[in-house]
Amino acid sequence: MDIVHISGASTACHSAEEIGAKAANLAKMASIGLPVPPAFVLPVKLCADLICKHVHAERDLRDGLKEGIEFLESTTGKRFGDHRRPLLVSVRSGAARSMPGMLNTVLNVGCTSRAVHGLIRVTGRSRLAWDCRRRFMESFAETVLGFDLTRFTARISELTADEGVASDRELDSEAIERLAADEQALIEGRGDGWLEDADEQLEGAARAVYQSWMSERAQTYRRLQKLEHLKGTAVTVQAMVLGNGGPSSGAGVAFSRDPSIGSARPMIDLVLDAQGEDLVSGRRTPDSEATIARALPTIATELGGILKQLEQEFGDVQDVEFTVEEGKLWILQTRAAKRTPRAAVRIAIDLVHEELITQKEALERIADVDLASLVEVSLCAAGDPVITGIGASGGIAVGRAAFDSEGAQHLAADGDPVILMRPDTSTADVAGFAMASGVVTAVGARTAHAALVARQMGKPCVVGCRDMAIDAAARRAQLGKSAISEGDWITIEGEGGKVYLGRSETVVTKPEMELAEIASWRSQDGGGARHGSLAQPRARRSAPA
């Protein structure tokens, strides 16, 4: 079995079918000189071999990891699990087609107690070192061992309350070290020696990523997105760059254009002093633009230039994950952005005008969009919203409130539209997303994995509603000063991030100019009959019941 090395402009490019789209794009970025941390990739084929229990698969896994770590050590000048210059790695998934948030990731692998002291020696930052240790234990325990993190989250809540701070982000070095010790005590005895064995951590993480291919949520997503033909996931092992090292560091996600409405402006979310899972998991709301501008004034300009370069290179809107480590920007991945049907049309037209793609390519990209039903929905006399969050996916949705996936499926079975309302944007709710007409969450970002899924499904989505508190057990929610029960009607406005009580009146129009341009392309292409009708009815109103 051959593994793929990614490091600098000498990196060779490989197909997504061989090493997954994520790694193929990573190799492409490295080859054009973008700041990409070095990595190695175990191929997609090994996933099927492990699942089918082929006799050579276990040996291939161990040999590939050994060879890959030796490559990373020689490239970085660090040693895996070392007490002087420790190398930490991330272990990530990557199929030939993007499956955002559906497969497993383990961060900070190799963070043994010896490595913690090595990080302190190298960086002089004990808080950073102990934070990496506790993050690793949380990630590994949940992903590899199947550990219920409820006890971890309870301990974090107790400690933040004792220290008089709002969240774990505000805990000092001594408190973070105590937290790491408490978490280690909770999981000691689960597994054989992995806490202090970097090689065992790596093998366990890689195996868990491959096994996540057969998880319920991954299989549900592939079924919904008609991706059952995919053969498996690759595993990418990449040198960690640390965004949790203080106010000049952070983790973020950027879109080269707005994937919700299609406008040609970047959309960037960043959490300072954080790692990537803080943002893409939907558990944290990003810092404000003003805060970021003060802490990292040049990053937005540098990132903007890279986003334009990536659009030129790939000929499409890009969804980019990045880390800032002590003021230095690193690009961790890029992929074609998931977008709403409305945005897909707008973006296709703009890319043709900018001569990035041809009219024929644009028609191929929107071939699955039902143009006959493409509409713009806006509110009429909605009054004041009951709460306001962050618009993550545009559009209007009116439906009955549900507080978990089971509730959404139950209400949808009665024939009514449903709005799924959750504390955060967990990809475990993908089945509920499929049933819902819209999604609302109390925390999270526009760039969280679940917000990406909502856009891909064309669902309006509002995240970061700080004034929403859900009591799923009681089937109730508090929206600001108003209380609702499961089954009550609400209206959400996805672009502006607004939530209204009851069934608001809406008006529906067609994007006539864009549809006319597409009709002219099809006429020139001679394939208008293949693509369905572009009939454009007049605007119509929907009155509340």
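Located above this text is the structure these notes cover.
I will try to describe carefully the structure that is included in this document. (Residues numbered from 1 in each chain as written. Predicted model: local features only at pLDDT ≥ 70, side-chain atom pairs only at ≥ 80, totals over all residues. Heavy atoms only, no water.)

**Looking at the overall build of the protein**
Point 1. The number of helices and strands found in the protein is 18 helices and 25 strands.
Point 2. Taking 24 Å as the expected radius of gyration for a compact globule of 545 residues, we find that the protein reaches 24 Å, a close match to that expectation.
Point 3. Once the C-alpha set of the protein is aligned to its principal axes, its extents read approximately 70 × 55 × 50 Å.
Point 4. Within the span of the protein, comprising 545 residues, buried residues form 55% of the whole.
Point 5. When the accessible surface of the protein is split by element, carbon and sulfur atoms take 48% of a total near 22,600 Å².
Point 6. Of the charged side chains in the protein, 62 are positive and 75 negative; the average position of the first set lies 2 Å away from that of the second. (Helix = DSSP H or I, 4+ residues; strand = E, 2+ residues; numbered from the N terminus. Rg over C-alpha atoms; globule rule 2.2 N^0.38 Å. Buried < 20%, exposed > 50% of the residue type's maximum accessible area, 1.4 Å probe, protein only. Areas by Shrake-Rupley, 256 points an atom, 1.4 Å probe, with all protein chains shown as cover. Lys, Arg positive; Asp, Glu negative; His and termini not counted. Charge placed at Lys NZ, Arg CZ, Asp CG, Glu CD.)

**Describing empty space enclosed by the protein**
Point 1. Inspection of every chain in the model, using the stated rule, returns three cavities of 30 Å³ or more.
Point 2. Broken down by secondary-structure element, the contributors of at least two residues to the lining of the largest cavity are β5 (89–95) and β7 (233–239).
Point 3. Taken together, the residues that form the lining of the largest cavity break down as five nonpolar, six polar and one charged. (1 Å grid on protein atoms, 1.4 Å probe; cavity = no way out; pocket = protein on both sides within 12 Å on 5 of 7 lines; lining within 4 Å. Points joined across faces, edges and corners; volume = space filled by probe spheres on them. Nonpolar A, V, L, I, M, F, W, Y, C, P; charged D, E, K, R; others polar.)

**So, the sheet that holds β7**
Point 1. In space, the five strands of this open sheet follow the order β1-β2-β7-β5-β6, with antiparallel pairing throughout. The sheet is open, and its two borders are formed by β1 (4–6) and β6 (106–109), each paired with just one other strand. When strand polarity is set aside, the average angle formed by the axes of neighbouring strands in this sheet is 25°.
Point 2. Of the pairings in the sheet, the one linking strand β2 (residues 39–42) to β7 comprises four bridges and is antiparallel in character. Across the sheet, residue Val41 finds its bridge partner in β7, namely Thr236.
Point 3. Docked against the sheet, helix α3 (residues 57–76) engages β1, β2, β5 and β7, running at close to 170° with respect to β2. (Pairing = 2+ DSSP bridges. Axes fitted to C-alpha atoms, helices over the stretch in contact; angles between N-to-C directions. Contact = heavy atoms within 4.5 Å.)

**Some words on helix α12 (residues 299–314)**
Point 1. For α12, spanning 16 residues, the distance from its first C-alpha to its last is 22 Å, which sits close to the expected 22 Å at 1.5 Å a residue.
Point 2. Listed in full, the buried residues belonging to α12 are Ile299, Leu303, Gly304, Ile306, Leu307, Leu310 and Glu311. The arc that holds the buried residues of α12, viewed along the axis, is 165°, so those residues lie on one side. Pointing more than 90 degrees away from the buried face of α12 are the exposed residues Thr301, Lys308 and Gln312.
Point 3. Looking at the buried residues of α12, the elements they touch are α1 (16–31), β8 (250–255), β9 (267–272), β10 (318–325) and β11 (328–336). (Expected span 1.5 Å × (residues − 1). Arc of directions from axis to C-beta.)

**Brief notes about the layout of surface pockets**
Once rolled over the atoms, a probe with the size of a water molecule shows which space is left empty.
Point 1. The calculated volume of the second largest pocket comes to roughly 550 Å³.
Point 2. In terms of lining, the second largest pocket is formed by 25 residues, of which the most central are Pro266, Met267, Ile268, Glu289 and Arg446.
Point 3. Contributing elements (two or more residues each) for the lining of the second largest pocket: β9, α11 (289–295) and α12.
Point 4. With four residues, β9 is the largest single contributor of residues to the lining of the second largest pocket.

**Examining the environment of Ala30**
Point 1. Looking at the secondary structure, you find Ala30 in helix α1.
Point 2. Sequence spacing of Ala30 and Phe255 is 225 residues, and the spatial spacing of their C-alpha atoms is 19 Å.
Point 3. Ignoring anything within four residues of it in the chain, the contact list for Ala30 reads Ile6, Gly8, Ala9, Thr11 and Val36.

**Quick word on helix α9 (residues 216–224)**
Point 1. Every buried residue of α9 is listed here: Ala218, Thr220, Tyr221 and Arg222.
Point 2. The positive-phi residue at the C-terminal boundary of α9 is Lys226, with phi of around 55°.

**Thoughts on the packing of aromatic side chains**
Point 1. Scanning the model with the defined rule gives four aromatic pairs in all.
Point 2. Here the aromatic rings of Phe136 and Trp194 are separated by 5.9 Å at their centres, their planes lie at 65°, and the arrangement is edge-to-face. With a gap of 58 residues between them, Phe136 in helix α5 (residues 126–143) and Trp194 in the loop between α7 (173–187) and α8 (198–211) connect regions that are remote in the sequence. Trp194 carries the same exposure label as Phe136, and that label is buried.
Point 3. Ring geometry for Phe147 and Phe152: centres 5.4 Å apart, planes at 40°, overall tilted. Each of the two residues, Phe147 as well as Phe152, counts as buried.
Point 4. Here the basic side chain of Arg222 rests over the ring of Trp213, its NZ or CZ set 3.8 Å away from the ring centre.
Point 5. In this structure, Arg503 packs its charged tip against the face of Trp489, placed 4.0 Å from the ring centre. (Phe/Tyr/Trp six-rings, centres within 6.5 Å; stacked < 30°, edge-to-face > 60°. Lys NZ or Arg CZ within 6 Å of the ring centre and 35° of its normal.)

**Notes on the sheet that holds β9**
Point 1. With antiparallel pairing, the four strands of this open sheet are ordered in space as β9-β8-β10-β11. Looking at which strands have only one partner, the edges of the open sheet turn out to be β9 and β11. Neighbouring strand axes in the sheet, compared pairwise and without regard to direction, differ in orientation by 15° on average.
Point 2. The sheet contact formed by β8 and β9 spans six bridges and is antiparallel.

**Some words on the pairing of β7**
Point 1. Along β7, seven of the seven residues are buried, which leaves the element largely enclosed by surrounding structure.
Point 2. Judged by which residues are buried, β7 turns out to be covered on both faces: Thr233, Val235, Val237 and Ala239 on one side and Ala234, Thr236 and Gln238 on the other are all buried.
Point 3. Where β5 and β7 come together, seven bridges link them in antiparallel fashion. Note on β7: the bridge partner recorded for Val91 is Val237.

**Overview of unusual backbone geometry**
Point 1. In the Ramachandran plot, Asn108 falls in the positive-phi region, its phi being about 65° despite a non-glycine side chain.
Point 2. Among the structural elements, Asn108 can be located in strand β6.
Point 3. Of note, Arg475 is a non-glycine position whose phi angle comes to about 60°, a positive value.
Point 4. Here Arg475 lies in the loop between β19 (468–471) and β20 (476–479).
Point 5. Of the residues examined, Arg475 reaches a relative accessible area of 30% and is grouped as partly exposed.

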